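Per-entry structural report
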Amino acid sequence: MDNPGTLILIMAMAALAPLLAASVARLLSVPVVIFEILLGILIGPDVLDWAHHDQVIDALSDLGLSMLIFLAGYEIRFADVGGPVLRRAGGAWVISLALGLGISLALNGGDLARSLVIGTALTSTALGAVLPILRDSGRLEGRFGNVVTGFCAVGEFGPIIAMALLFSGRSPGAASVVLAVFAVMTAGAVWWASRPRPAWFGRLVATTLHSSAQFAVRYVMLLLAAMLGLSELFGLDTLLGAFAGGMLTRLILTGSVPESSGAILSKVEAIGFGFLVPFFYVVTGIDFDLRALLDGGRPLALLPAFLLLFLVVRGGPVFALAPPDLSSGPERGALALYAATCLPLVVAITTIGLDEKVIGTGEGAALVGAAMVSVLVFPLLAPWLLERKEGSDAGAGGARAERGGEAW
């Protein structure tokens, strides 16, 4: 390791972030990811210049992004979401992609490569950021939580598929064939995962769950590594393998050891959210080009423009195609705000654009900056809308009860 001090700094920032989030919680509920990125900016080259990259730092950051997408894939329960919701979510995402590409082409003078990067980034959703917020507020279970999960899952899976097709370096036809082969192999893995596991599997999981062997956790890590390796073998983005690995793991654990699946997940989340995921977010802050953003001019003006586009391109179609039973404006608005919340895939797509020299550092900083603001603002506005609706419903119910008492 070339820079052991950077590793210590990153872990110090990861430990400091929850403390800062807890200290301001009485005034404002700020997602811990915001502090992780801001602290990364603080120790990065544009402020204190304490943190420096090496191969170990880069590898751990990449693994953290993969773990984040893996855990997002694990959270998806398509059986609970239902086909009608998924069809509406898919239609909303396709409209978002068409809007994103069309607006990007118009703003970039027909530059297709740049428009693909920006347009795809505008369609993404941070499922990994939205689900913990819903879980903490008690809204993850139930109809609204299922609808949000469905729309946000498609908003994460859709851009990953688009990245595999558009950014693989292959022709669209060849990329589609490779993706189809990967999908067939993944479907085979799903079929295998759905089959009953032998009795010894459950016994081994139970007997090692609280021992140093930790067979279940090692098995989950093997699945993640296998899906990452499979996607790398096919020349696809590893995030696709991570997402598929998460869904595959849920099928295996809930089908084979349902009584232990919660405990196993908590251990995997401890690895992810306790180490790898905050590592990725702090490194994202270190890589953030603050100078390019604060120099003024076009990049700084693009940040609010991109924030508005996230809401229009991603949130607009979601609001329009929300299920009919979400009839009230606040519920549909909250759904649109959650769907427009983005960050991890924006970072990944922007990184690809910068590496390929398709977009400039100023545009990349504006995209990531707008995504950071979306994580801070949109999930705060959504519960406010829902609470207003719940308050108005309670008031209406009280008024009806009072009128009913008078009539009686």
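Note that the structure is predicted; figures quoted are calculated from it, not measured. (Residues numbered from 1 in each chain as written. Predicted model: local features only at pLDDT ≥ 70, side-chain atom pairs only at ≥ 80, totals over all residues. Heavy atoms only, no water.)

**What to know about helix α17 (residues 344-355)**
Helix length check: α17 (12 residues) gives 17 Å between terminal C-alpha atoms against 16 Å at 1.5 Å per residue, within 8%. Within the span of α17, buried status applies to Pro 344, Leu 345, Val 346, Val 347, Ala 348, Ile 349, Thr 350 and Gly 353. (Helix = DSSP H or I, 4+ residues; strand = E, 2+ residues; numbered from the N terminus. Expected span 1.5 Å × (residues − 1). Buried < 20%, exposed > 50% of the residue type's maximum accessible area, 1.4 Å probe, protein only.)

**What about a nonpolar patch on the surface?**
Residues Leu 42, Val 47, Leu 48 and Trp 50 make up a contiguous nonpolar surface patch of about 350 Å² in total accessible area. Residue classification places Val 47 among the partly exposed residues on the basis of a relative accessible area of 41%. (Patch = residues over 30% accessible without salt bridge, like charges linked within 9 Å, V, L, I, M, F, W, Y side chains within 5 Å. Areas by Shrake-Rupley, 256 points an atom, 1.4 Å probe, with all protein chains shown as cover. Salt bridge = Lys/Arg side-chain N within 4 Å of Asp/Glu carboxyl O.)

**Remarks on the nonpolar core**
By size, the foremost hydrophobic cluster in this structure holds 127 residues, and its most contacted members are Ile 264, Phe 306 and Leu 343. The greatest single-element share of this core, amounting to 12 residues, is contributed by helix α18 (residues 361-407). Excluding residues within four positions of it along the chain, Leu 343 makes contact with Val 33, Ile 37, Ala 126, Tyr 281, Val 368, Ala 371, Met 372 and Val 375. (Core = buried A, V, L, I, M, F, W, Y, C linked by side-chain atoms within 4.5 Å. Contact = heavy atoms within 4.5 Å.)

**Details of empty space enclosed by the protein**
Gaps left between atoms show up when a probe the size of a water molecule is rolled over them. This structure, assessed with the given rule, holds three cavities of 30 Å³ or more. Each pocket or cavity is described by its volume, and for the largest cavity that value is around 70 Å³. What lines the largest cavity is simply Leu 68, Leu 71, Ala 72, Glu 75, Leu 127, Gly 128, Leu 131, Pro 132, Arg 135, Glu 269 and Phe 273. At the level of elements, α3 (55-75), α7 (127-137) and α13 (261-287) are the ones that each hand at least two residues to the lining of the largest cavity. Ranked by the residues each element gives to the lining of the largest cavity, the list is headed by α7, at five residues. Here the lining of the largest cavity is composed, by residue class, of seven nonpolar, one polar and three charged. (1 Å grid on protein atoms, 1.4 Å probe; cavity = no way out; pocket = protein on both sides within 12 Å on 5 of 7 lines; lining within 4 Å. Points joined across faces, edges and corners; volume = space filled by probe spheres on them. Nonpolar A, V, L, I, M, F, W, Y, C, P; charged D, E, K, R; others polar.)

**Concerning the confidence of the model for the protein chain**
Put simply, the protein chain has an average pLDDT of 84, and 91% of its residues get 70 or more. Confidence drops under a pLDDT of 50 for residues 398-408, and excluding neighbours within four residues, the segment shows zero contacts in the predicted structure. (pLDDT = per-residue confidence, 0-100.)

**What about the packing of aromatic side chains?**
Taken as a whole, this structure holds eight aromatic pairs when the rule is applied. Relative to Phe 215, the ring of Phe 201 lies with its centre 5.6 Å away and its plane at 75°, an arrangement referred to as edge-to-face. Of this pair, Phe 201 sits in helix α10 (residues 199-208) while Phe 215 sits in helix α11 (residues 215-233), and the two are 14 residues apart along the sequence. On the basis of relative accessibility, which here comes to 4%, the residue Phe 201 falls in the buried class. Plain terms: the ring middles of Phe 275 and Phe 279 are 6.0 Å apart, the flat faces sit at 75° to each other, and that makes the pair edge-to-face. Placement of the pair is Phe 275 and Phe 279 together in helix α13, with a separation of four residues, close to one helical turn. By relative accessible area, Phe 279 is classed as buried at 0%. Among the aromatic residues, those joined into a cluster by ring pairs are Trp 200, Phe 201, Phe 215 and Tyr 219. (Phe/Tyr/Trp six-rings, centres within 6.5 Å; stacked < 30°, edge-to-face > 60°.)

**Quick look at the pattern of salt bridges**
Where side chains of opposite charge bring their charged atoms close, a pairing between them can arise. With the rule as written, the count across this model stands at four salt bridges. Measuring nitrogen to oxygen at the nearest pair gives 2.6 Å for the salt bridge that ties Arg 143 to Asp 325. Separated by 182 residues along the polypeptide, Arg 143 in helix α8 (residues 143-166) and Asp 325 in the loop between α15 (298-320) and α16 (329-340) bring together distant segments of the chain. According to the relative accessible area criterion, Arg 143 is partly exposed, its value standing at 40%. With relative accessibility at 41%, the residue Asp 325 sits in the partly exposed group. The partner of Glu 363 in a salt bridge is Arg 298, and the shortest N-O contact between them spans 3.3 Å. Within this pair, whereas Glu 363 is found in helix α18, its partner Arg 298 is found in helix α15, the two being separated by 65 residues in sequence.

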